[in-house]
Amino acid sequence: SQTIHQWPATLVQPVGSPLSLECTVEGTSNPNLYWYRQAAGRGLQLLFYSVGIGQISSEVPQNLSASRPQDRQFILSSKKLLLSDSGFYLCAWSVRGNSPLHFGNGTRLTVT
Amino acid sequence: DQQVKQNSPSLSVQEGRISILNCDYTNSMFDYFLWYKKYPAEGPTFLISISSIKDKNEDGRFTVFLNKSAKHLSLHIVPSQPGDSAVYFCAASYNDMRFGAGTRLTVKP
């Protein structure tokens, strides 16, 4: 069966520090991969999605970047965090075509 | 750019009654629609989906209705149970998947 791992579960970082959140998927090949953010009291905002290694689409220009160095690995990064980067970050995967997204358990990021 | 909208931030119903959650979308290219359930500090869990070629899909207590002409979908939960209390997100997909802001459902015993 397929599983998705996302870590860390919680993270407190000072303003201006770098960020690296990692997500890996097991049990499937060539998945679509996604990063979403849920700000406090708001819905899920699509940040990045990827249909293959090195292929990243960015939905919202901001202080974050994403990379997919391996087929089942998706990394969310920032060189310098802002207070507004605080939120709940979710990684998800899906197979090709019309299919549900399967989410990880999320990372609660607090920038202080 | 909110292509998927859930205009009711919260809904409260009595146990055993029907819960109706609504969702509207603007992009006519969407061809696949889903509902997710989310508890605090967890990722959303897939509930039910519907393709644009259908107008109804049922799975146990959950039924999703799609009205393409109105660009509207709804989720019916019958009968509602206290364990259904959570935030429900609707989502729509074409190349990627867009989510609404969510509706917090509270089912009172």
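In what follows, the structure referred to is the one given above.
Computed from a prediction, not measured in an experiment: that's the story for all the values here.

## Thoughts on the overall build of chain B
Within chain B one finds 0 helices and 11 strands. When the elements of chain B are put in sequence order from the N terminus, they spell out β-β-β-β-β-β-β-β-β-β-β. Relative to the compact-globule value of 13 Å for 109 residues, chain B shows a C-alpha radius of gyration of 13 Å, a close match. Referenced to the eigenvectors of the C-alpha coordinate spread, the extents of chain B come out at roughly 40 × 30 × 20 Å. Looking at chain B as a whole, 46% of its 109 residues are labelled buried. Put simply, chain B has 12 plus and 10 minus side-chain charges, and the middle of one group is 4 Å from the middle of the other.

## A few points about the side chain of Ser 50 of chain A
Residues and elements named next belong to chain A. Here Ser 50 is to be found in strand E5 (residues 44-52). Among the polar contacts made by the side chain of Ser 50, one reaches the main-chain carbonyl oxygen of Gln 55 at a distance of 2.6 Å. Setting aside its immediate chain neighbours within four residues, Ser 50 contacts Pro 31, Asn 32, Leu 33, Gln 55, Ile 56, Arg 68 and Phe 74.

## What about the pattern of salt bridges?
Within this structure, the stated rule accounts for 5 salt bridges over all chains. Residue Arg 68 of chain A is joined to Asp 71 of chain A by a salt bridge in which the shortest nitrogen-to-oxygen separation is 3.2 Å. Several salt bridges share partner residues, and in doing so they unite Glu 59 of chain A together with Asp 96 and Arg 98 of chain B into one network.

## Observations regarding the interface of chain B and chain A
In this assembly, 19 residues from chain B lie in contact with 18 residues from chain A. When chain B packs against chain A, the two sides together hide about 1,400 Å² of surface, and 58% of this comes from carbon and sulfur. Considering only the side of chain B, the residues that lose the most area to chain A are Tyr 32, Met 97 and Phe 99 of chain B, jointly responsible for 29% of the buried surface there. Applying the counting criterion to the chain B and chain A interface returns 1 salt bridge. Its salt-bridge partner being Arg 98 of chain B, residue Glu 59 of chain A comes within 2.4 Å of it at the nearest N-O pair. Applying the counting criterion to the chain B and chain A interface returns 4 residue pairs in polar contact (both at pLDDT 80 or more). It is strand E4 (residues 32-38) of chain B that contributes the most residues to the side of chain B that touches chain A, 4 residues altogether. Of the residues contributing to the side of chain B that touches chain A, the split by class is 10 nonpolar, 4 polar and 5 charged.

Thresholds applied
Residues numbered from 1 in each chain as written. Chains lettered and ligands numbered in written order. Predicted model: local features only at pLDDT ≥ 70, side-chain atom pairs only at ≥ 80, totals over all residues. Heavy atoms only, no water. Helix = DSSP H or I, 4+ residues; strand = E, 2+ residues; numbered from the N terminus. Rg over C-alpha atoms; globule rule 2.2 N^0.38 Å. Buried < 20%, exposed > 50% of the residue type's maximum accessible area, 1.4 Å probe, protein only. Lys, Arg positive; Asp, Glu negative; His and termini not counted. Charge placed at Lys NZ, Arg CZ, Asp CG, Glu CD. Polar contact = N/O pair within 3.5 Å; in protein donor to acceptor, adjacent residues only side chain to side chain. Contact = heavy atoms within 4.5 Å. Salt bridge = Lys/Arg side-chain N within 4 Å of Asp/Glu carboxyl O. Buried area = accessible area lost by both parts, 1.4 Å probe. Nonpolar A, V, L, I, M, F, W, Y, C, P; charged D, E, K, R; others polar.

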